[in-house]
Amino acid sequence: MTDIIDELRKHRSEAFTAQDSNAPVCFLATTDPHGQPQVRTLVLREINDTDLTLFINASSPKWEQLQSNPQCQVLLWYATLNLQYRITGIAEALPASAITNNWHKRPHRAKVLDYFYDTVAPQSATMASRDALLESFEAINRTRAPGEMRPSVAALAIRVQLARIERLDLTEDGLPHIRQQFDLSDTGWSETTLVP
Ligand SMILES: Cc1cc2nc3c(=O)[nH]c(=O)nc-3n(C[C@H](O)[C@H](O)[C@H](O)COP(=O)(O)O)c2cc1C
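Residues numbered from 1 in each chain as written. Predicted model: local features only at pLDDT ≥ 70, side-chain atom pairs only at ≥ 80, totals over all residues. Heavy atoms only, no water.

Turning our eyes to something else, we now look at helix α4 (residues 108-119). One turn of an α-helix holds 3.6 residues; hence residues three or four places apart share an orientation. The end-to-end C-alpha distance of α4, which contains 12 residues, comes to 17 Å, matching closely the 16 Å that a straight helix rising 1.5 Å per residue would cover. When α4 is considered as a whole, its buried residues turn out to be Ala110, Lys111, Val112, Asp114, Tyr115, Phe116 and Tyr117. (Helix = DSSP H or I, 4+ residues; strand = E, 2+ residues; numbered from the N terminus. Expected span 1.5 Å × (residues − 1). Buried < 20%, exposed > 50% of the residue type's maximum accessible area, 1.4 Å probe, protein only.)

Next comes the structure, spelled out in C-alpha cells:
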C-alpha cells in the first residue's frame, strides 16, 4: 500500500524544488459558530506521521472557531505537480514550547504584530483606519528593542491530527484522473479509490 505520508512529504519537497508558489503554504478551512465556512492561507510548518503543525495567533477568529469545532480541512494544491491533497483532521493546541524557538526567528514586523494583538486589538479586529493601525503599530515598534522581545503567550502552535487524506492526481494522460482516499485508524492507513 502507498505510504501516504512519505508521498506527501516527497511531493511537497518536489513542489519546493519546482518553485511552486504554494509549496510553503496550505489552505485551512474551519466552520464559524453560524455554520459559515472560513478558509485562509497559512504556512504549513511540519508534516508529521499523524499530524500537521501550523502557527497561528490565539486572538484570531480561526482559533475561536477551532476551539468550538476542532474539525477542519487543510488543502494543498501543487500546480507544478498537478496534485491536490485534501486533508481532514482535528485541531488542538500544542504546548508553548512548540513555538518558542521559532518565534525568535520571525521578522521584527511579525513580532511587533503579536504585541499589537496582545495590547491593541486582536487579529482580524476592525480598526478605524489604516492610519490608526499604523500609529499604534509604530508606538509599539518605537518602544521595543528587537533583542528584548519575548514570545507572546498568544503565539500558538497547533496540531491537526490526521483522520483522512484524499489525493487527486491530474497527471494521468488520456485516462480518468487518479483519486485515492487514505483513512487513518488504530491499524494504520487504509486506501480506497474514489471516482474522480
Ligand atoms: C502566504 C500567506 C501565509 C500566511 N501564513 C500565515 C500563518 O502561518 N499563520 C497565520 O496565522 N496567518 C497566516 N496568514 C494570514 C492568514 O491567511 C489570515 O489572513 C489571518 O491568519 C487571519 O485569519 P482569520 O481571520 O481567519 O483568523 C498567511 C497569509 C498568506 C497570504
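Residues in contact with the ligand amount to 13 residues; listed here are only the nearest, Arg40, Thr41, Phe55, Lys62 and Ser124. Here an oxygen atom of the ligand sits 2.6 Å away from a polar atom, N or O, in the side chain of Ser124. Across the complex, the protein chains shield 62% of the 630 Å² of accessible surface that the ligand would expose by itself. Counting only elements with at least two residues in the shell around the ligand, the list comes to β2 (37-47), β3 (51-57) and α2 (61-68). The dominant element in the shell around the ligand, judged by the number of residues it contributes, is β2, at 5 residues. For the shell around the ligand, the per-class residue count stands at 6 nonpolar, 4 polar and 3 charged. (Near = heavy atom within 4 Å. Polar contact = N/O pair within 3.5 Å; in protein donor to acceptor, adjacent residues only side chain to side chain. Areas by Shrake-Rupley, 256 points an atom, 1.4 Å probe, with all protein chains shown as cover. Nonpolar A, V, L, I, M, F, W, Y, C, P; charged D, E, K, R; others polar.)

Turning next to the side chain of Lys111. Assignment of secondary structure puts Lys111 in helix α4. Despite its burial, Lys111 pairs with no opposite charge; the closest candidate is Asp114, at 9.4 Å N-O. Beyond its immediate sequence surroundings of up to four residues, Lys111 is in contact with Trp103, His104, Arg106 and Met149. (Lys, Arg positive; Asp, Glu negative; His and termini not counted. Salt bridge = Lys/Arg side-chain N within 4 Å of Asp/Glu carboxyl O. Contact = heavy atoms within 4.5 Å.)

For the protein, the assigned domains are domain 1 (1-96 + 153-196) and domain 2 (100-152). Here the C-alpha centre of domain 2 lies 28 Å away from the C-alpha centre of domain 1. Counting residues at the interface gives 10 residues for domain 1, matched by 11 residues for domain 2. The largest contributions to the domain 1 side of the interface with domain 2 come from Asn57, Ser59 and Ala155, which together make up 44% of the buried area. Between the two partners, domain 1 and domain 2, sit 6 residue pairs in polar contact (both at pLDDT 80 or more). (Domains from an automatic or database assignment. Buried area = accessible area lost by both parts, 1.4 Å probe.)

Looking now at the packing of α4 against helix α5 (residues 130-143). Two elements in contact, α4 and α5, have axes separated by 9 Å at closest approach and are oriented at 105°. Comparing the axis directions of α4 and α5 gives the class roughly perpendicular. Contacts between α4 and α5 pair His108, Arg109, Val112, Leu113, Tyr115, Phe116 and Thr119 from the former with Leu133, Ser136, Phe137, Ile140 and Asn141 from the latter. Here the contact of α4 with α5 is composed, by residue class, of 7 nonpolar, 4 polar and 1 charged. (Axes fitted to C-alpha atoms, helices over the stretch in contact; angles between N-to-C directions. Parallel < 35°, antiparallel > 145°, perpendicular 65-115°, else oblique.)

Turning to the environment of Ala157, a few remarks are in order. Among the secondary structure elements, Ala157 is positioned in strand β6 (residues 155-169). Excluding its chain neighbours within four sequence positions, the residues that come into contact with Ala157 are Leu54, Phe55, Glu92, Ala93, Leu94, Ala98 and Ile99.

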